[in-house]
Amino acid sequence: MKKIMVHFISYCFVLLMSLAFTTSVNATDIWISSSENTSLYIMDDTISYGTSPHGKWITVSVKIVKHNRVIETVFSKYTTDMWRYYTNTMRGNHTTVVIPRHKIFEYMMHRIGWTYTIRDNLWYY
């Protein structure tokens, strides 16, 4: 009986040690803002970015918590143009200029370490 108890305690110790050193990977939703009973969250694990011959780009999924929708947002900047964005809910090739104090854009730029300037207090470059 004593031998069984020692084995049991040993197995419990090994189990506890394996649980203690196990790391879990979780996606993080970053709260950005709330208005009119709607909250915006950046889905941190969906961030991707890069450069192309045409300029820089960033993509991220944004969770809109009102109707529980997820919208993919793409920010792009052609070499000499201002930053623009479009979402998977916009029609056709429509893009919108990103205006200053855009919380999602500023979070993304800070997160990936890119710099930007604001011109005429109206546009991100």
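Coordinates for the structure precede this section.
Position numbers for residues start from 1 in each chain and track the written sequence from start to end. It should be noted that, the model being predicted, local features are given only for residues of pLDDT at least 70 and side-chain atom pairs only at 80 or more, the latter also being counted only at that level, while totals for whole chains, interfaces and linings use all residues. Excluded from the side-chain calculation are hydrogens and water; included are all heavy atoms of the structure.

## Points about the pattern of salt bridges
Then, in step 1: When a carboxyl oxygen of Asp or Glu lies within 4 Å of a side-chain nitrogen of Lys or Arg, that pair is called a salt bridge. One pass over the full model with this rule turns up three salt bridges.
Then, in step 2: Its salt-bridge partner being Asp-81, residue Arg-84 comes within 3.0 Å of it at the nearest N-O pair.
Then, in step 3: Note on Asp-81: relative accessible area 22%, which makes it partly exposed.
Then, in step 4: Taking the shortest distance from any N to any O, the salt bridge between Arg-101 and Glu-106 comes out at 3.3 Å. Note on classification: 1.4 Å probe, protein chains only; a residue is buried when its accessible area is under 20% of the maximum for its type, exposed when over 50%, partly exposed between these limits.

## Things to note about the pairing of strand S3 (residues 55-65)
Then, in step 1: In this structure, strand S2 (residues 38-52) lies alongside S3, joined through ten bridges in antiparallel fashion. Paired with Ile-42 across the strands is Val-62, a residue of S3.
Then, in step 2: When DSSP finds at least two bridges between two strands, those strands are taken to pair. Starting at the N terminus, helices and strands are each numbered in turn, a helix being any DSSP run of H or I of at least four residues and a strand any DSSP run of E of at least two. Counting the residues in the hairpin turn of S2 and S3 gives two residues.
Then, in step 3: Note that S3 and strand S4 (residues 69-78) share ten bridges and pair antiparallel. Across the sheet, Gly-55 pairs through a bridge with Tyr-78, a residue of S4.
Then, in step 4: Between S3 and S4, which follow one another and run antiparallel, lie three residues, and Asn-68 among them has a positive phi close to 55 degrees.

## So, the environment of Val-74
Then, in step 1: When you line up the elements, Val-74 lands in strand S4.
Then, in step 2: Looking at Val-74, the relative accessible area reads 9%, which means it is buried.
Then, in step 3: For the pair Val-74 and Thr-95, spaced 21 residues apart in the sequence, the C-alpha separation amounts to 9.4 Å.
Then, in step 4: Any two residues whose heavy atoms approach within 4.5 Å are treated as being in contact. Beyond its immediate stretch of four places on either side in the chain, Val-74 contacts Ile-58, Thr-59, Arg-84, Tyr-85 and Tyr-86.

## Re unusual backbone geometry
Then, in step 1: One non-glycine residue, Arg-101, lies in the positive phi region at around 75 degrees.
Then, in step 2: As for its placement among the helices and strands, Arg-101 is situated in the loop between strand S6 (96-97) and helix H2 (103-112).
Then, in step 3: On the basis of relative accessible area, Arg-101 is assigned to the exposed category, the value being 57%.
Then, in step 4: Positive phi is not limited to glycine here, since Asp-120 has a value of about 55 degrees.
Then, in step 5: Following the sequence through the fold, Asp-120 ends up in the loop between strand S7 (118-119) and strand S8 (123-124).

Function cannot be read off these values alone, since they describe shape.
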